[in-house]
Every structure is written in structure tokens, then in C-alpha cells.
Protein chains: 2
Amino acid sequence: MDYRFSDRMQNLKGNAIRMIFKLLAQPDMISFAGGMPAGQALPAAEIADIADELLHGKDALKILQYGGTEGYLPYLQSGLKYLARKGITDVTLDNVLAVSGGQQGIDLTCKAFINKGDVVLVEDPTYLAVLHILKTYEGVPVGVKSNDDGIDPDDLEAKIIRYHPKFVYLVPNFSNPTGKTVPLENRKRIAEITAKHGVMLVEDDPYGELRWEGEQLPSIKSMDRTGNVIYLTSFSKVISPGMRVGLAVADPAVIAKLTIGKQATDVHTATLNQAIVSEYLDRGLLDPSLARNIPLYKQKKDAMIAAIRRYFPASVRYTDPQGGLFIWVELPEGVSAKDLFLKAVERKVAYVCGSDFYADGSGENTLRLNFSNATLEQIDTGIARLGELLRQII
Amino acid sequence: MDYRFSDRMQNLKGNAIRMIFKLLAQPDMISFAGGMPAGQALPAAEIADIADELLHGKDALKILQYGGTEGYLPYLQSGLKYLARKGITDVTLDNVLAVSGGQQGIDLTCKAFINKGDVVLVEDPTYLAVLHILKTYEGVPVGVKSNDDGIDPDDLEAKIIRYHPKFVYLVPNFSNPTGKTVPLENRKRIAEITAKHGVMLVEDDPYGELRWEGEQLPSIKSMDRTGNVIYLTSFSKVISPGMRVGLAVADPAVIAKLTIGKQATDVHTATLNQAIVSEYLDRGLLDPSLARNIPLYKQKKDAMIAAIRRYFPASVRYTDPQGGLFIWVELPEGVSAKDLFLKAVERKVAYVCGSDFYADGSGENTLRLNFSNATLEQIDTGIARLGELLRQII
């Protein structure tokens, strides 16, 4: 059979992280790839209790039956309350859509906005799934410069003027992959710049709750006065990624389009999962869970930073994030993280090559380290192995 | 804000059924719209037991963590065993992909194959979501004639030659919306015709298990010798639609493309839901459930047919299906099911207008009745009300 696949599928390889998923499943592999929450942070017992009550409760048949595309009402109501934590208060049920993980929010946004050839501005480097999703819509990602404060607002405005993008995609809190956070002043400027030029901003915030240092900053969505911001959040990093439950927040006209797109894609997000997250939030389980887990993540981050200082050559640069799941590493110019990767995997330690996060595939000398899903011992051992390899070539 | 939505979103209205979902939620509405399984058929207690065991079991953390896009291994293994019921035996893990409901299988197929302007052949009438999904990919549905045996193989071949379609979409068992079933001889011919012309066939089979009369027929996929058939099934109609769990079955080269598309869309189908379905199948709960529920569905179907005979004018034609969830009604030419719909809803009874199922929006005089989610009393009352309205205009 000669398969005539669509144009969008030509040259579309799998997402780099997903492709190495099987490799990383080797039992003795130390993986700093992926972006998984710590296993011990997953609230299995609490979810078991909630599921049990829901499935024996008065709404059990409603939970197992088809539901509305917009989402399960109790979940949307819990979601509206949750958004107040992000400074997003001026919203009703018309502003929200239940999504099957935050990533589906990006996909639905592309479906609603992107024609073939449309430009989307992304921070360089950016979340690699956005680059992957954009390919499936034949959109064109263009990178915006990043400095220590995340995306550079001046370069952002210059590129908005130059490229007339359909939207800007940004992770302002503990960015994936860099771990950087956009400061308050820059958030205000980004809100202002995108509104002034009538450009949509997709503010993706899966990591915002995972802060161990500094103060929570208001979302850019909370500064949105023109309806140009789509705020995406997810309960993957704070409850369970396997549940696939997130929330999209936008102007009702945008939510209507995202909803039509979602109708076609998967009818609705699994109701049991929405109901479990709703109950989890309503029972006030999130804050105690964060209080338990954030110190755990900080401890892992501190351990990785300490190991980097100890084992890596001094010429290697790295971020020291105030929250989230990732440390970003810049090797000296000319050193290839890709070449290193093969040697690292031989030594049973893995990371994600930084070039996968660049719109133009540059960043050959960069890599992303995840610390949340490894033990302290694995962190020390794995970073030591990487350090040894680095000292052979630097 | 002046939203610059994508071309695909222009003129794309919500799926007709989903749009009236809220209307149908009125407590005193008798709804023959939708395609929901009967509430009493949803195995809440069994799912509760399974969820409880899974979430307290040794794989609880695996179930709550990120999983592979391909699907949760125990689910895929259960799925392979399940496919033997459909005569599909020559398959391995490389042939299957877990999807978030059967409809996602259609969406991913379009993503993998459809460029703007590509033709897809569908039975006239066909499942309306396919028409909706195709619009989001700017594909062009072309209708193939339907006779008492479902899609007409002669017209199918003529239109394959004329339109060079990317694929043919077909529900051979108890079609949505007509309830018709393609006989064995025609299945063989359809397998042969599509293979000969190198055209993909999407065989969508959500209703095949729900047969109360006649013999189970082998799937067209079981006759596939060239890898041109994509078989989609779903556990929505036999376990729970709210769980959003289905399975796509195809040649490994096709599964690879569907998987890449799914990576971008929602990373993976919720693992808890896959694990629940897997356990449900492995525990042998499906057959006893079917044994309980099929007589229930037949009873409802019989009640609706009896009521139609009793209350509808003799000039109204209707199908009497051997399984599934739907009866298809053809009013005399010139009678508009759309005009009737508004009056029907005023009288608190609802159905889906048939024209929503036609590629070209024709079929003004047709409508679809669902019998599975109404009580026997509602069936009698609702059909009586429709009959009264029909007798005023026919």
C-alpha cells in the first residue's frame, strides 16, 4: 500500500522527548529527560478515596455518561475558584474550557488561529511541543531572544512589528526549558505590547504553583484588558499527569472556537478525571500537597545545582530556578550536546538536547536537565557521570 | 480585540448534536437525539471496584504518571485480545494505538491523511462528526449512495474512480445514523474495491457488539491484505462514554503517523481510564454486561418500532435495525424534518435532523431517532407526540 499522507506529516518526526521515552524506561537509566513530577508527589491514596466516593455517589452515572464539550460543571466551577490564585477573577463559565491536559490547549489554539504559513513568536528556547504542534498546522515558529529575565520585551515588540504573528507563546513561570521567570515589570510590558498590536498571547502556566523562592507573580492574563490573552493551566504537575486534565481561559469568543475544535477532536475530556480534580481542589488538598512537595523539589534542585558546581567544568553555564522542574545548561560554544548525548546514554544518563527547543534548531551547545523525577543519589551519580564526560571534551 | 481566526474556523458551526446538548438537558425533555448508552447499562459499581483496586495497587503511581503516547501496555494487550472478537488476529502492539474515544481516531486519521481540498467518501447519510472533523481539515466529503444494505459498492467504486479520495469512511455495523448493516458479501467487495484502487478505508465500529438479531459479521479489517484498512473501535457504547477510551488498529506505518499526531494533540489518553477498561475486559465483565443490556436495548427498539407503527402516518418509512442505537426515519418528500424539529422541541421531544448527516446537507425529509437512552414510557409518549405533529402536516 502506497500511503498518501498529508503534507503536514512530511518531515514530522515524533517529539524528541516522547521518542526517547522507551529508551528511558530502561531500569538502570538515570533520566534527567522528561518533565515528570516526582513519583512520591502523586497523591494515589487521595485520588483512590475520591474516585471511590464519586463512583459510588449520586452523580456516578453522570460521570460515566457523555458530557458537554465545555467540561463537567463542578470541575469548571472549581477551576474558576482556582484561577483566583493567579489573579484571574473577572471570569465566568463562558471564559473556560476543560482540556485534556494543558498541551491540548495549545493544539486547540493552533486549530483556531493558524493557517499554513502563519507566524507564531516563541521564546528561544521554548517548550518543544509547541514547535511540534505548530508543524502539524504548518505554522512557522520564529524565536524571540531570551535574557536572564526570560523573553526580551524589546525583541518581542520588534518581531511583532516585523512578522505580524498570529500569537505569541510564553511560559512566564519557571519556563520549560530554561526555568526562567518573567518579572512583574516585563509581564506588564508584554501585556501592553501584545494588546497594543492586537496580537494574541498564549500564556502557558503548568509550573506556576511549584515555587520555592521569591513571591508569586500575577499572571499576564490578570492584566488582560482587551481579551487577547489565552491562559492555559494544567493539573499535571500538581496532581497527576496521567489524569490529563487542564483548563483553558480566554474571551468567550475564543472559548467558543476552541470548544468547536475540541468537539471534533475528542468530544470532551474524560468526566471521571475532571470530577476527581474538582473534588481534589474542593477538598483543599492542593495546598497541603504543595507544602509537602515543594521542599522536596527544592531539595532535588539544590542537589543538582551542588552536583553541577562540583562535577561540571567551570565554563559551563546553568540556570538556578526559583521553581518548576528544569535547569538549563549552556556548554561552551562549539561543544555539541547532541554528540555528548550518545555518550551519556551509553553511561546510562539522559537529558534532552537543547536544540530541540529552538525554533530554528540552533542551540547545539545547550541541554535541559530535569531534577524532579530522580532520587538525590541518582542526581549526584548522573551529574558526576555527565561531568566526567564534559571534562573529557572541554 | 479583532480575532483573526484560521480559515478552517470560518463557517464552522458546532456539531449539531453537541449544540443542542444543553437544550436536551431540560428535565422534562424526551430526547431521542444523542447516542448515549442507557444509564442503567453503565457499570458504575464494577468500575468503582476496579478503580479502587488499581489506585491502591502496585501500579498506582504508573497510572498517575505520564505514559507513552502509544497507550498503556496492559490496555493495548487487552485490546489485542478483544480484536479477536472482530476476526482481527494478525496484529501486534505495532498495529494499535490507544485513543481518547473512537472519534479521536477519525480526527487523527484526518490529520495524517487530509490536505485542504482532499476528498473523503462517506455513506449518504453518514456519522455527522466525520463531516464536522473534515471541515477542520478543509477536506471535502462526497456522499456515496446508500441502499437497504448500507453503502452501495457499485457507487462506491464509481466514486473512487471519479474522485481519487484519500479515504472512505464507513460504519458497517448498525450505522450511525441509519442502523443499517453491511452484509458479508458487500464487506468482501468493499475490502476488494478499496484495496484494488489503493484507497484507505476507515472502518468505524462503535456499535458492533450491540447485536440482538442475526449473526456477528467479520470486520472488513479482518479481510485486509494490503494494509489499507484503519479499524476504529471504542468502549463508549459498551462500557462508558465518559471514560473516553477507544482503539485504532492499522498498519504499523499508519499507526506511526497517528501516534505522532496524537503526541501533539493530547500526549496520551488518560492512563487511569485505559487501565480501568483493560481490567474490565480482563475480568470478563463485558460479555455478562452485554447479555444484560442487549435485551434491554432490543426491548427499547421494539417499543419504538411499535410506537412508530401505531402513531406515525403509514407513508413514513423507517429502518428496523438488528443492533445499535438508532432508527432512521424518512418522511414523505417535501416534508421538512427541520421545520418539524422546532415544533417537536416545543412539545418537549427531540431528535436529530437528518440533513446534518448528509455530505451535501440534503435529506431535508429525514431524521434520526435514538432509543437507548429513553424509558419505555418516554418512547411511547415521545413517539405519540411526534406522530400527532406528523399527522397535522402529512
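Residues numbered from 1 in each chain as written. Chains lettered and ligands numbered in written order. Predicted model: local features only at pLDDT ≥ 70, side-chain atom pairs only at ≥ 80, totals over all residues. Heavy atoms only, no water.

- As recorded in an unreviewed UniProt entry, chain A goes by the name PLP-dependent aminotransferase family protein, listed as coming from Candidatus Stercoripulliclostridium merdipullorum.
- Its UniProt record gives chain A a comment under Subunit (unreviewed entry), which states: "Homodimer." (UniProt positions renumbered as here; feature names shortened; annotations may be inferred.)

**Quick notes on the overall build of chain A**
Part 1: The number of helices and strands found in chain A is 14 helices and 15 strands.
Part 2: Taking 394 residues into account, the globule formula puts the C-alpha radius of gyration at 21 Å, and chain A, at 21 Å, falls close to it.
Part 3: For chain A, the spread of C-alpha atoms along the principal axes amounts to about 60 × 55 × 50 Å.
Part 4: In chain A, which comprises 394 residues, the proportion classed as buried is 66%.
Part 5: Carbon and sulfur atoms provide 50% of the accessible area of chain A, an area that totals close to 13,800 Å².
Part 6: Placing the 44 positive and 48 negative side-chain charges of chain A at their respective mean positions leaves the two points 3 Å apart. (Helix = DSSP H or I, 4+ residues; strand = E, 2+ residues; numbered from the N terminus. Rg over C-alpha atoms; globule rule 2.2 N^0.38 Å. Buried < 20%, exposed > 50% of the residue type's maximum accessible area, 1.4 Å probe, protein only. Areas by Shrake-Rupley, 256 points an atom, 1.4 Å probe, with all protein chains shown as cover. Lys, Arg positive; Asp, Glu negative; His and termini not counted. Charge placed at Lys NZ, Arg CZ, Asp CG, Glu CD.)

**Some remarks on the pattern of salt bridges**
All names here are of chain B.
Part 1: For the coordinates displayed, the defined rule picks out 44 salt bridges over all chains.
Part 2: Where K221 meets D224, a salt bridge forms, and the shortest distance between an N and an O atom there is 2.9 Å.
Part 3: The shortest N-O distance in the salt bridge between K301 and D320 comes to 2.8 Å. Here K301, found in helix α12 (residues 286-311), pairs with D320, found in the loop between β11 (317-318) and β12 (326-330); they are 19 residues apart in sequence, far enough to count as distant.
Part 4: Among the residues examined, K301 registers a relative accessible area of 3% and is labelled buried.
Part 5: By relative accessible area, which is 39% here, D320 ends up partly exposed. (Salt bridge = Lys/Arg side-chain N within 4 Å of Asp/Glu carboxyl O.)

**Details of the interface of chain B and chain A**
The parts lose accessible area when they come together, and the size of an interface is often stated as this lost area.
Part 1: Opposite the 88 residues of chain B that make contact, chain A presents 88 residues.
Part 2: The junction of chain B with chain A conceals about 7,200 Å² of combined surface from both sides, 58% of it contributed by carbon and sulfur atoms.
Part 3: At the junction of chain B and chain A, the tally comes to two salt bridges.
Part 4: For B:D107, the salt bridge is made with A:K111, and the minimal N-O distance between the two is 3.9 Å.
Part 5: Elements with a minimum of two residues in the side of chain B that touches chain A: α1 (16-19), α2 (21-24), α3 (44-56), α4 (60-64), α6 (102-113), α7 (128-136), α10 (252-266) and α11 (271-282) of chain B.
Part 6: Here the element with the most residues in the side of chain B that touches chain A is α10(B); it accounts for nine residues.
Part 7: Partitioned by chemical class, the residues of the side of chain B that touches chain A number 40 nonpolar, 32 polar and 16 charged. (Contact = heavy atoms within 4.5 Å. Buried area = accessible area lost by both parts, 1.4 Å probe. Nonpolar A, V, L, I, M, F, W, Y, C, P; charged D, E, K, R; others polar.)

**Focus on helix α6 (residues 102-113) of chain A**
Residue and element names in this part refer to chain A.
Part 1: In a regular helix each residue adds 1.5 Å, so twelve residues correspond to 16 Å; α6 covers 17 Å between its end C-alpha atoms and thus fits that length.
Part 2: Counting buried residues along α6, twelve of its twelve residues qualify, which places the element largely inside the surrounding structure.
Part 3: Within α6 the residues assigned to the buried category are G102, Q103, Q104, G105, I106, D107, L108, T109, C110, K111, A112 and F113. (Expected span 1.5 Å × (residues − 1).)

**Observations regarding the nonpolar core**
Part 1: Counting residues in hydrophobic clusters, the biggest one holds 248 residues, and the most contacted among them are A:L369, A:I383, B:L369 and B:I383.
Part 2: Residues contacting A:I383, with those up to four places away along its chain left out, are A:F32, A:M304, A:A307, A:I308, A:Y311, A:F312, A:L369 and A:Q378. (Core = buried A, V, L, I, M, F, W, Y, C linked by side-chain atoms within 4.5 Å.)

**A look at the sheet that holds strand β15 (residues 366-370) of chain A**
Residue and element names in this part refer to chain A.
Part 1: Taken in spatial order, the four strands line up as β11-β12-β15-β14 in an open sheet, and their pairing is antiparallel. The sheet terminates laterally at β11 (317-318) and β14 (352-353), the two strands that pair on one side only.
Part 2: Bridge count for β14 against β15 is two bridges, and the pairing is antiparallel. By the bridge assignment for β15, V352 is matched with R368. (Pairing = 2+ DSSP bridges.)

**Notes on the relation of the copies chain B and chain A**
Part 1: Expressed as a screw operation, the relation of chain B to chain A combines 0.0 Å of axial shift with a rotation of 180°, fitting to an RMSD of 0.0 Å. Taken together, the rotation and translation describe the operation of a two-fold axis. Measuring from the rotation axis to each C-alpha of chain B, the shortest distance belongs to B:D52, at 3.1 Å.
Part 2: The fraction of interface residues of chain B whose copies in chain A are also interface residues reaches 100%, indicating that both copies meet through the same surface. (Least-squares fit on C-alpha atoms with pLDDT ≥ 70 in both.)

**Observations concerning unusual backbone geometry**
Part 1: At the junction of B:D124 and B:P125, the peptide bond is cis and its omega measures out at 5° in the coordinates.
Part 2: Tracing the sequence through the fold places B:P125 in the loop between β3 (119-123) and α7.
Part 3: The backbone of A:F174 sits at a positive phi, close to 50°, despite the residue not being glycine.
Part 4: Within the secondary structure layout, A:F174 lies in the loop between β7 (167-170) and α9 (184-196).

**Some words on the environment of A:L325**
All names here are of chain A.
Part 1: Mapped onto the elements of the fold, L325 is located in the loop between β11 and β12 (326-330).
Part 2: A residue is classified by how much of its surface remains accessible, and L325, at 0% relative accessible area, is buried.
Part 3: If we ignore the near neighbours within four places in the chain, the residues touching L325 are G35, Y207, L210, K237, Y297, L369, N370, F371 and S372.

**Here's the deal with the sheet that holds strand β10 (residues 246-249) of chain B**
Residues and elements named next belong to chain B.
Part 1: Across the sheet, which stays open at both edges, the seven strands sit in the order β2-β10-β9-β8-β7-β3-β4 with mixed pairing between neighbours. In the strand order of this sheet, the two ends are held by β2 (96-99) and β4 (140-144), each with one partner. Taking the axes of each pair of neighbouring strands and ignoring which way they run, one obtains an average angle of 20° across the sheet.
Part 2: Taken strand by strand, α10 contacts β2, β8 (200-204), β9 (229-234) and β10, and its axis lies near 25° from that of β2. (Axes fitted to C-alpha atoms, helices over the stretch in contact; angles between N-to-C directions.)

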